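Observations on the model geometry
The residues making up each chain are set out below.
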Amino acid sequence: MQINWFIIGIGVTAAVVLLFRDWRLTVAALLLNYLASALFLAEQQFVPPDLAFLGRAISSLVLVKVITGFAVTMILGVTALTFEGEYGLESLDEFGLAELRRAARVAQRQQANAPFQLSDYVLPFWASVLALLASLTLPRVYPIAPTEASDFAWYWLALTGLLTLATASDLLKVGLGLLLCVSSIDLLYTAVVSAPQASGLNVVPVALLSLFNILLALAIAYLSGLLYGRLKTLELSELYKR
Amino acid sequence: MLYLLLIFFPITIALSTFVLRRRTGLVIFIALGTVLTQLLIATQIPVDDPTRLLGVTLILSALSRTFLLVFLTLGGFAFVAAWHLPHGENFVPITLLILAQVGTVLLLQDPFITTLLLALTGLTAVLAIVDLPAGASVLVGTRAIAAALKYLVLMVVAAALMYVAFVLTDIFRPDELPGRISPARFILALLSVSFALRLALVPFHTWLTDLVDFAEPLVAGIVITLLNTTSLLVLMLVFQTFPTLLFESEVALSMMRLGAIVSAVVAGALALAPASLRHTLAYLVLYNGGMVFYGLASASPVGLAGAIFGALNQTVAVLLLFVSLGLLERPDGRAPSALRHDLLRRWPVAGAGLLAGGMALLGLPPLNGAVSHLLLYQAAAAKGWGELLPLLVATLFAGVGLARSVAAHLLGPGEEAVAAEPLLLGETELDRPAVRRLDPEPRSTAALTLLLLLICLGIGLYPQPILAMIDEAIRGLAFIRVL
């Protein structure tokens, strides 16, 4: 049996997004996930190649996916790196400034009192096991895409995305879950609609999907920036506490 | 060319107004000019005359044109209201962007592009929810961020489900693969959940209550009038494009009707509970959404006419409600935490607008919702008492909820009705706080409220032209003929 390394890449990177909390790890995993998805599309040749790259013929669609992946992860990465900056403080009144100082103290205290706990990873771990079982079963029970590999890939991305949403404890991770879900439908659309019996790929939905990915990343970055600027943390529990 | 203008002109103006966003007056005038130009362009585009652009068909049907004109007019009204009502720094550019997106959705037939554009409207609305006024000295509320996040997540999930459903329709062949779960049912289930999320049907409604609670009234009004109504029109387009889905699965249609009934009844029951004015309004909107969705799910000419008319009425009534709410929530000299019971006396035009908007959503005559509700009841009666009775109960619940809320917030005794306490020993009249002299309601917004109220009344008293237009539009819908 031939091992499909790109499928393994998609699987491992999505699992890292679901399991881990550190944004440096999860955003990097998301970038690798986009790359693995693009390479998987190139390997499956859903769209005929029309470009020569490093001596290999690839489709321009693959290039679009890679560029989208880089843009999305750049947006999230740069936002996360610049969280420490303070913006728009000049227009705030004394109450607002006091509120910010209080939020910073609370966040600092929480960070100091929050050591690594293995129990935080139990739920995401079992969620990923469940997603794996479902993604292995569903392509046999309800195949949609032309190949079993592509069926596994989109089911896995959709399920890990949804479970990341369900188990996320911070806003950035919610965003990563949403991006995985969008990657999933992107892959499904490309695989199914390019099949001979389907209507065929159209450039506008493909372009809009990439634009949507980028704008979604921008929206997540904007909300994350707002939340961090307000509470000095991205924890969702703090958002609903006050 | 006209199609391109309709799509890209508001986008370019939105970018310009974003640059000028701190000059509120100028930006509102530019936006009003844009809306007028858009109205002119929309009337110049020939109906049912398709054109191709980048492999995509653009067409403006009579129904789409009516809704496009309504949306643009309501957008213009929202800009007028923004002159005096609180709104975010970027309200005008965001609304222009939403108008452009919604206009594009109405021109399109391709389900994939429509889904993505609907999702993009959701992203745009998120910006409006967390938007603060220019130079605000306060921080954005955490609950507003939470409401925006909830909206974002639910809209993206809805878009993903809708997209999967459309991918399945692309390869779906009727009566294929016997023995397996019918793809038609699976597709309808995906579509039902995704549109229930977008239309805020119970139990997917919490984003709407949060939106009404924590966003500015104008933003809530724009999101509900433009985005929810557009989603409903898209659902109609889906039925029109894939009629086989409906006649392959009668059970799924029954389930959709049941969902609509449950949504209307639960929303009506929730409106009964003591709550803030905003909460009660949110439940009234949810109730009306359930009623309109029922009409669509009934898949009969009468029900569909009721749904289209109901959606049209909802846009006007909801804008009236939220403009009135914005006026009622203006500072009136009392402490922000003080409970207000005399809002009708204090702000008579806004109070009357809120009352009329609520009554229109309930379908009470002589307002615009009456005829559409009658059509919906007629469609339910055709299915039997089992469907009519819950809808009547839902209306009763919502009506009692509105009456209770109006009695609590609008019709209470005025402050001046409270007997003045006698002077204390050594106290003189001069020691007492001066009597507050409040400014009247801002003229332009009061005039807008009255205009919206008159439109509601006018449609209610003379609905024939709209009904004739809706009948004409329904005759062209293939899925109704097939069913």
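Residues numbered from 1 in each chain as written. Chains lettered and ligands numbered in written order. Predicted model: local features only at pLDDT ≥ 70, side-chain atom pairs only at ≥ 80, totals over all residues.

So, the overall build of chain B
When you go through chain B residue by residue, the secondary structure sums to 20 helices and two strands. At 23 Å, chain B has a C-alpha radius of gyration in line with the 23 Å of a compact globule built from 483 residues. Based on the C-alpha atoms only, the size of chain B along its principal axes is roughly 95 × 55 × 45 Å. Counting all 483 residues of chain B, 55% fall into the buried class. Considering only contacts within chain B whose residues lie at least 6 apart along the sequence, 81% involve residues at least 24 apart. (Helix = DSSP H or I, 4+ residues; strand = E, 2+ residues; numbered from the N terminus. Rg over C-alpha atoms; globule rule 2.2 N^0.38 Å. Buried ≥ 20, exposed ≤ 12 C-beta atoms within 10 Å, placed from the backbone. Contact = placed C-beta atoms within 7 Å.)

Quick word on the interface of chain B and chain A
Listed by partner, the interface residues are 33 residues for chain B and 39 residues for chain A. If you list the elements that add at least two residues to the side of chain B that touches chain A, you get helix H5 (111-129) and helix H6 (142-171) of chain B. Considering only residue class, the side of chain B that touches chain A consists of 28 nonpolar, four polar and one charged. (Nonpolar A, V, L, I, M, F, W, Y, C, P; charged D, E, K, R; others polar.)

Describing the nonpolar core
Residue and element names in this part refer to chain B. Grouped together as the largest cluster of nonpolar side chains are 253 residues, with contacts concentrated most on Ile129, Ala148 and Val156. Looking at this core element by element, the count peaks at 22 residues for H6. Structurally, this core is a two-domain feature, drawing no fewer than three residues from each of domain 1 (1-133 + 141-159 + 210-235) and domain 2 (249-331 + 339-414 + 441-483). (Core = buried A, V, L, I, M, F, W, Y, C linked by C-beta atoms within 7 Å. Domains from an automatic or database assignment.)

A short note on the environment of Glu250 of chain B
Residues and elements named next belong to chain B. Mapping Glu250 onto the fold places it in helix H11 (residues 250-272). Take Glu250: there are 11 C-beta atoms within 10 Å of it, and that puts it in the exposed class. Measuring from C-alpha to C-alpha, the distance between Glu250 and Arg185 comes to 9.2 Å, with 65 residues separating the pair along the chain.

Remarks on the packing of helix H12 (residues 277-297) of chain B against helix H17 (residues 385-409) of chain B
A packed helix pair is summarised by two numbers, namely the angle formed by the two axes and the spacing between the axes. Residues and elements named next belong to chain B. Interaxial distance between H12 and H17 falls to 10 Å at its minimum, and their mutual angle equals 160 degrees. Between H12 and H17, the interaxial angle falls into the category roughly antiparallel. Considering the relative orientation of H12 and H17, their crossing is left-handed. When H12 is examined against H17, the residues Leu277, Thr280, Tyr283, Leu284, Tyr287, Met291 and Tyr294 are found in contact with a partner set consisting of Leu391, Ala394, Ala398, Gly401, Leu402, Ser405 and His409. Taken together, the residues of the contact of H12 with H17 break down into 10 nonpolar, four polar and no charged. (Axes fitted to C-alpha atoms, helices over the stretch in contact; angles between N-to-C directions. Parallel < 35°, antiparallel > 145°, perpendicular 65-115°, else oblique. Left-handed = near helix turned anticlockwise from the far one by under 90°.)

Focus: the environment of Val400 of chain B
All names here are of chain B. With respect to the helices and strands, Val400 occurs in helix H17. The exposure class assigned to Val400 is partly exposed, which follows from the 14 C-beta atoms found within 10 Å. Taking the C-alpha atoms as reference points, Val400 and Ala260, 140 residues apart in sequence, are found 20 Å from one another.

Remarks on unusual backbone geometry
Residue and element names in this part refer to chain B. Here the residue pair Val202 and Pro203 is connected by a cis peptide bond, since its omega of 5 degrees sits within 30 degrees of zero. Here Pro203 lies in the loop between helix H7 (183-199) and helix H8 (206-214). Despite not being glycine, Asp48 has its phi angle at roughly 55 degrees, a positive value. By the secondary structure assignment, Asp48 is in the loop between helix H2 (24-44) and strand S1 (51-53). Of note in this structure, Ala299 is not a glycine but carries a positive phi near 50 degrees. With respect to the helices and strands, Ala299 occurs in the loop between H12 and helix H13 (301-328).

Quick notes on the environment of Lys383 of chain B
Residues and elements named next belong to chain B. Topologically, Lys383 is positioned in helix H16 (residues 369-383). Accessibility expressed as a C-beta count within 10 Å gives 15 for Lys383, which makes it partly exposed. C-alpha separation for the pair Lys383 and Ser298, spaced 85 residues apart in sequence, amounts to 8.5 Å.

Notes on the domain arrangement of chain B
Residues and elements named next belong to chain B. Per the domain assignment, the segments making up chain B are domain 1 (1-133 + 141-159 + 210-235) and domain 2 (249-331 + 339-414 + 441-483). Measuring from the centre of the C-alpha atoms in domain 1 to the corresponding centre in domain 2 gives 22 Å. On the side of domain 2, 27 residues touch domain 1, which itself brings 25 residues to the contact. Those elements giving two or more residues to the side of domain 1 that touches domain 2 turn out to be helix H3 (62-82), H8 and helix H9 (217-241). Tallying contributions element by element places H9 first for the side of domain 1 that touches domain 2, with 10 residues. Looking at the side of domain 1 that touches domain 2, its residues break down into 18 nonpolar, six polar and one charged.

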